[in-house]
Amino acid sequence: MIVILKNDADAQKVDILAQWLETQNVEIHKSVGEYTTVWGLVGDTSKIDTDLIEGLEIVEGVRRISEPYKQANRKFHPDDTVIDLGNSIKIGGGNFQFFAGPCSVESEEQIIEIAKAVKAAGANILRGGAFKPRTSPYAFQGMRADGLKLLLQAKKITGMPIVSEIMDASHIDLFEGVDIIQVGARNMQNFELLKQLGKLDKPIFLKRGLSATVEELLMSAEYIMSGGNEKVILCERGIRTFETATRNTLDLSAVAILKEKTHLPVVVDPSHASGIARLVEPLSYASAACGADGLMIEVHNNPQKALCDGPQALTPDKFARVTQGVQKIINALK
Ligand code: PEP
Ligand code: MN
């Protein structure tokens, strides 16, 4: 981090700042010029609040050189994180996984039929929303705790690990048998929820917020990791832009840049990114080609009748086509 001091900075106040910075365990490399004094702060500056320093009357400006996240940073952890979901299902470090299932759990027959179908088509992890974050309070809100019970039943029948979204920390106990807890786009910066999830020993599937930067996504991962839970899977699910032809805009460059900046697995959700079922196939291929570690895809046995997100849901046979095509791309890139 670089701190530029004002020309006429009061010497006593400058001393106080220097002393305080030393208590923060950083070394100050001072460069005093005729008109400007520049301090280079060396050490772990991730806990230093740049806004606080910038607000001081003796400071002209502050610039971060290293990233404000540490645990998620590849610089401090060069090897890919591999998350082991048991039954030899791993994600990251060259292990590619398909997370598939309906947007929402709707009934016992629906979730069990879809679970069997996506497993047969090549998915290893079953998704299904029980607590649904809907824009309208009048829309289907999910089957809630009953939905989780049905997912557990589908897990028992198929042997697939399950992932489902949490919306409130008070529901954590309900997720005991859930293998991966999803934090949806709308809760990416629900910091109190992230802190509670940081205390668990369970993988967290963290979706990028609708208008969150890559750095903000990584800082949210840092919230979970700094609490002690290092099992974080990141998900690019499209961001909101001026474009209206698709539900969101799939930011594939975020995938490539995340792979550079972090060791955590990165999954793409082309279903929410596009909102259009026929785009899921090409976007899945593009995601695999640009280095994603997995795909989360919404699949429904009867998309026309789906209670949520039907227009973006694939039928099981279309999903099978996608898994086969993606596999070819992965093999070609090996
Ligand atoms: C979902 O996965 O069903 C979902 C609501 O996704 P997102 O949080 O990305 O909108
Ligand atoms: Mn959905």
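Placed above this text is the structure.
The structure contained in this document is the topic of the report that follows. Keep in mind that what you see is a predicted model, and the values were worked out from it rather than measured. (Residues numbered from 1 in each chain as written. Chains lettered and ligands numbered in written order. Predicted model: local features only at pLDDT ≥ 70, side-chain atom pairs only at ≥ 80, totals over all residues. Heavy atoms only, no water.)

**Describing the packing of helix 6 (residues 214–226) against helix 7 (residues 252–261)**
Threshold: Every axis in this analysis is a line fitted to C-alpha atoms, fitted for helices over the stretch in contact. Angles between the N-to-C directions lie between 0 and 180 degrees. Secondary structure elements follow DSSP: runs of H or I of four or more residues count as helices, runs of E of two or more count as strands, with numbering from the N terminus. When an angle is under 35 degrees it counts as roughly parallel; over 145 it counts as roughly antiparallel; between 65 and 115 it counts as roughly perpendicular; any other value is oblique. By convention, the crossing between two helices is left-handed when the near helix turns anticlockwise from the far helix through less than a right angle, and right-handed when the turn is clockwise. Whether two residues are in contact is decided by their heavy atoms, any of which lying within 4.5 Å being enough. Side-chain classes follow a simple rule in which Ala, Val, Leu, Ile, Met, Phe, Trp, Tyr, Cys and Pro form the nonpolar group, Asp, Glu, Lys and Arg form the charged group, and the remainder, Gly included, forms the polar group.
In contact at an axis separation of 11 Å, helix 6 and helix 7 are set at 50° when each is read in the N-to-C sense. Relative to helix 7, helix 6 is oriented oblique. As helix 6 runs across helix 7, the sense of the crossing is right-handed. Listed contacts from helix 7 to V214, L217 and L218 of helix 6 are A254, I257, L258 and K261. The class makeup of the residues in the contact of helix 6 with helix 7 is six nonpolar, no polar and one charged.

**Digging into the coordination of the manganese ion (ligand 2)**
Put simply, the rule is: Donor atoms: N, O and S within 2.8 Å of the metal, or within 3.2 Å for Na, K and Ca. Because water is excluded, sites can look incomplete. Residue exposure (1.4 Å probe, protein chains only): buried if accessible area is under 20% of the type maximum, exposed if over 50%, otherwise partly exposed.
Distances from the manganese ion (ligand 2) to its protein donors, C103 (SG), H272 (NE2), E298 (OE) and D309 (OD), fall within 2.0 to 2.4 Å. The sequence motif formed by the donor residues of the manganese ion (ligand 2) is C-x168-H-x25-E-x10-D. Highlighted residues: C103 in the loop between strand 7 (97–101) and helix 3 (108–120) and D309 in the loop between strand 14 (294–298) and helix 10 (316–333), separated in sequence by 206 residues. Across this residue pair, the class does not change: C103 and D309 are buried.

**A short note on the site of ligand 1**
Rules: Only a single heavy atom is needed: when it lies within 4 Å of a molecule or strand, its residue is near that molecule or strand. Two N or O atoms count as a polar contact when they lie within 3.5 Å, although within protein this holds only if one can serve as hydrogen donor and the other as acceptor, and sequence-adjacent residues are included solely when both atoms are side-chain atoms.
The full set of residues close to ligand 1 is R127, K132, P133, E165, Q182, G184, A185, R186, K207, R237, H272 and E298. A distance of 2.9 Å is found between an oxygen atom of ligand 1 and a side-chain nitrogen or oxygen belonging to R186. Interatomic distance of 2.6 Å between a side-chain N/O atom of R237 and an oxygen atom of ligand 1. Across the shell around ligand 1, the residue classes break down as two nonpolar, three polar and seven charged.

**Section: the sheet that holds strand 3 (residues 37–43)**
Heads up, the rule is: Each pair of strands is called paired provided DSSP finds at least two bridges between the two strands.
The four strands are arranged 2-3-1-4 in an open sheet whose pairing can be described as antiparallel. If you trace the sheet from one side to the other, it starts and ends with strand 2 (26–32) and strand 4 (59–63), each paired once. Averaged over neighbouring strand pairs, the angle between their axes works out to 20° when direction is ignored. Bridge count between strand 1 (residues 2–5) and strand 3: four bridges; the pairing is antiparallel. Counted as the bridge partner of V3 is W39 from strand 3.

**Here's the deal with helix 1 (residues 11–23)**
Our working definition: Here, expected helix span is obtained from the residue count minus one, scaled by 1.5 Å. What the arc describes is the spread of directions from the helix axis to the C-beta atoms.
Its 13 residues place the ends of helix 1 19 Å apart at the C-alpha level, agreeing with the 18 Å of an ideal helix rising 1.5 Å per residue. Regarding helix 1, the residues found buried are V14, L17, A18 and L21. For helix 1, the angular spread of the buried residues around the axis is 100°, confining them to a single face. Seen from the open side of helix 1, the exposed residues pointing more than 90 degrees away from its buried face are Q12, I16, Q19 and T23. The opening residue of helix 1, the one whose side-chain oxygen lies 3.2 Å from the backbone nitrogen of Q12, is D10. N25 lies just past helix 1 and shows a positive phi near 65°.

Take it as geometry only, folks, not as evidence of what the structure does.
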